[in-house]
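What follows is each chain in one-letter form.
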Amino acid sequence: MLVLGLSIPLSAQKMDKKYKEFTVSRVIPVPAEKVWNAVAEDYGAIANSHPKIWYSGYENGSLKGELGAQRKCDFNKKGTKVLHEKIVDWNPEEMRFTNRVLKAGGFPVDVENTRAFYAVKKIDASKAEMSFTMQFRTKPAFMGGMAKGQFKNLIEDYLLALEHHLTTGEVVNAKTKNFKEIKKRYSR
């Protein structure tokens, strides 16, 4: 299978049903290694750079980003809107990994048919392109078209917040409530 110009092993997750797909990418003015560290090596700390996540952390004995690492992402204070995810394919040499949703609370996704491909590509010594491809199926399936736009907007916001976090060091998440102002600054 070819995603983001890279060959992705199908063994990472079998997608049995027809699914929706989209790709979002953003050029970030920091070295590729710094982007990779934030999204992959520090996999459990996605709440430092995701405007909709309240809390994130490693689960099931995971201590760092690597094959098999698991994380929990709470999208609200109560923890009722939550994703449990796992790295099912890991290639640090090419700066890419595949993330599978294990459990979804409050999200209409079919966990057996939902995954994301993260890839960081070096542009030059001070710039990298971060790409995110999501393949998903909703439960119920008819919500797929509507969810696609919402998921795509969510990931576009994540990549903008990631850029802000990496260039300023400022944490951007649901607790800080600073994303609306950050988005205004970047859209000028």
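Preceding this section is the structure that the text describes.
Values in this document were obtained by computation on a predicted structure and should not be read as measured data.

**Student:** What is the right way to read the environment of G57 from this model?
**Tutor:** The topology assignment puts G57 in strand 4 (residues 55-59). Residues G57 and E85 lie 28 residues apart in sequence; the distance between their C-alpha atoms is 11 Å. Here G57 is in contact with G44, Q70, R71 and K72, once residues within four sequence places are set aside.

**Student:** I keep staring at helix 1 (residues 32-41) and nothing clicks. Help me out?
**Tutor:** Spacing of three or four residues puts side chains on the same side of an α-helix, whose turn is 3.6 residues. Among the residues of helix 1, A32, V35, W36, A38, V39 and A40 are the ones counted as buried. Down the axis of helix 1, the buried side of the element spans an arc of 165 degrees, and every buried residue falls inside it. On its buried face, helix 1 sits against strand 3 (20-28), strand 6 (82-91), strand 7 (96-105), strand 8 (115-124), strand 9 (127-136) and helix 2 (144-168).

**Student:** How should I be thinking about the layout of surface pockets in this particular structure?
**Tutor:** Leftover empty space is mapped by rolling, across the atoms, a probe with the size of a water molecule. The computed volume of the largest pocket comes to approximately 250 Å³. As for the largest pocket, its lining consists of K52, F75, K81, G106, F107, P108, M143, M146, A147, Q150, F151 and L154. Across the lining of the largest pocket, the residue classes break down as 8 nonpolar, 2 polar and 2 charged. Of the pockets and cavities examined, the second largest pocket occupies roughly 190 Å³. Per-element tally for the lining of the second largest pocket: the top contributor is helix 3 (residues 179-186), with 3 residues. Of the residues that constitute the lining of the second largest pocket, the class distribution is 3 nonpolar, 2 polar and 5 charged.

**Student:** Would you explain the packing of helix 1 against helix 2 in this entry?
**Tutor:** When two helices pack together, their arrangement is captured by the angle between the axes and the distance separating the axes. Here helix 1 crosses helix 2 at 120 degrees, and the two axes come no closer than 11 Å. The pairing of helix 1 with helix 2 is recorded here as oblique in orientation. Taken as a pair, helix 1 and helix 2 cross one another with a handedness that is right-handed. Touching K34, V35, A38 and V39 of helix 1 are Y158, L162 and L166, all from helix 2. Across the contact of helix 1 with helix 2, the residue classes break down as 6 nonpolar, no polar and 1 charged.

What counts, and at which threshold
- Residues numbered from 1 in each chain as written.
- Predicted model: local features only at pLDDT ≥ 70, side-chain atom pairs only at ≥ 80, totals over all residues.
- Heavy atoms only, no water.
- Helix = DSSP H or I, 4+ residues; strand = E, 2+ residues; numbered from the N terminus.
- Contact = heavy atoms within 4.5 Å.
- Buried < 20%, exposed > 50% of the residue type's maximum accessible area, 1.4 Å probe, protein only.
- Arc of directions from axis to C-beta.
- 1 Å grid on protein atoms, 1.4 Å probe; cavity = no way out; pocket = protein on both sides within 12 Å on 5 of 7 lines; lining within 4 Å.
- Points joined across faces, edges and corners; volume = space filled by probe spheres on them.
- Nonpolar A, V, L, I, M, F, W, Y, C, P; charged D, E, K, R; others polar.
- Axes fitted to C-alpha atoms, helices over the stretch in contact; angles between N-to-C directions.
- Parallel < 35°, antiparallel > 145°, perpendicular 65-115°, else oblique.
- Left-handed = near helix turned anticlockwise from the far one by under 90°.

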